[in-house]
Amino acid sequence: MLPKSHFIIGIIIGALLLPFVPWYYVIAIIAANVLIDFDHYIVAVIRNKGDCRLDKALEYYDRYNAIKNKKTYNFTVFHTIEFHILVLFMSTVSPIFFYVFIGMLIHSLTDLVFLIKHGNIIEREYWFWRWWKNDRKI
Ligand SMILES: [Zn+2]
């Protein structure tokens, strides 16, 4: 799912939460909902051998998404269950991390719905430990 779609979903959910949650936490939810996808950019930079240009990252995903029946996946560390748990645990330090976690959770759930809908659920590694134990390919 594209960051633009996540942003729109974040704005809608943020608007619904605004009467109940302080505005700065709503901003944290919306920002986390979009910025979690930064790991996709990191993967593209690695796959492009260190080329940091955004247009090259977008070209990489155009090529990647055009492949049918993929045999590889992109390891996106911010999307792993362990990273979500880490951020949730950090909410014991500051409450803002709880709202960052909520934004990440909204993002991951909408990603999951999108992947199921498009029959691509196996295109992602959801567990850091399994990636670490297996191939560790980005
Ligand atoms: Zn995502």
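It should be noted that the structure appears before, not after, this text.
Residues numbered from 1 in each chain as written. Predicted model: local features only at pLDDT ≥ 70, side-chain atom pairs only at ≥ 80, totals over all residues.

(A) Broad picture of the overall build of the protein chain. For the protein chain, the helix and strand inventory stands at seven helices and zero strands. Taken over C-alpha atoms, the radius of gyration comes to 16 Å for the protein chain, in line with the 14 Å a tight globule of 138 residues would show. Counting only C-alpha atoms, the protein chain reaches 45 × 30 × 30 Å along its principal axes. Taken across its 138 residues, the protein chain has 22% of its residues classed as buried. (Helix = DSSP H or I, 4+ residues; strand = E, 2+ residues; numbered from the N terminus. Rg over C-alpha atoms; globule rule 2.2 N^0.38 Å. Buried ≥ 20, exposed ≤ 12 C-beta atoms within 10 Å, placed from the backbone.)

(B) Structural detail: the packing of helix H2 (residues 23-35) against helix H6 (residues 96-117). Across the interface, H2 lies against H6 with an axial gap of 7 Å and an inter-helix angle of 40°. Considering the angle they form, H2 stands oblique to H6. Judged by the twist between their axes, the crossing of H2 over H6 is right-handed. Across the interface between the two elements, Tyr25, Ala28, Ile29, Ile30, Ala31, Ala32 and Asn33 from H2 touch Ile96, Tyr99, Val100, Ile102, Gly103, Met104, Ile106 and His107 from H6. (Axes fitted to C-alpha atoms, helices over the stretch in contact; angles between N-to-C directions. Parallel < 35°, antiparallel > 145°, perpendicular 65-115°, else oblique. Left-handed = near helix turned anticlockwise from the far one by under 90°. Contact = placed C-beta atoms within 7 Å.)

(C) Local environment of the nonpolar core. By size, the foremost hydrophobic cluster in this structure holds 14 residues, and its most contacted members are Ala28, Ile29, Ala32, Tyr99, Val100 and Met104. Those elements that provide at least two residues to this core are H2 and H6. (Core = buried A, V, L, I, M, F, W, Y, C linked by C-beta atoms within 7 Å.)

(D) Inspection of the packing of helix H3 (residues 38-47) against helix H4 (residues 54-66) at higher detail. Relative orientation of the contacting elements H3 and H4 amounts to 90°, with a least axis distance of 9 Å. As far as their axial angle goes, H4 and H3 are roughly perpendicular. Mapping the contact onto sequence places Tyr41, Ala44, Val45 and Arg47 in H3 and Ala57, Tyr60 and Tyr61 in H4. Partitioned by chemical class, the residues of the contact of H3 with H4 number six nonpolar, no polar and one charged. (Nonpolar A, V, L, I, M, F, W, Y, C, P; charged D, E, K, R; others polar.)

(E) Fine view of H4. The terminal C-alpha atoms of H4 lie 18 Å apart, and with 13 residues this matches the ideal 18 Å at 1.5 Å per residue to within 8%. H4 sits mainly on the outside: one of its 13 residues count as buried. (Expected span 1.5 Å × (residues − 1).)

(F) Structural view of unusual backbone geometry. The backbone phi angle of lysine 49 is positive, close to 55°, even though this residue is not glycine. Relative to the assigned elements, lysine 49 resides in the loop between H3 and H4. Taking the number of C-beta atoms within 10 Å as the measure of exposure, lysine 49 has 7 and is therefore exposed.

(G) Inspection of the environment of alanine 44 at higher detail. Turning to its location among the elements, alanine 44 is positioned in helix H3. Note: C-alpha distance between alanine 44 and lysine 56 (12 residues apart in sequence) is 7.9 Å. Residue contacts for alanine 44: discarding those within four places in its chain leaves Ala57, Tyr60 and Tyr61.

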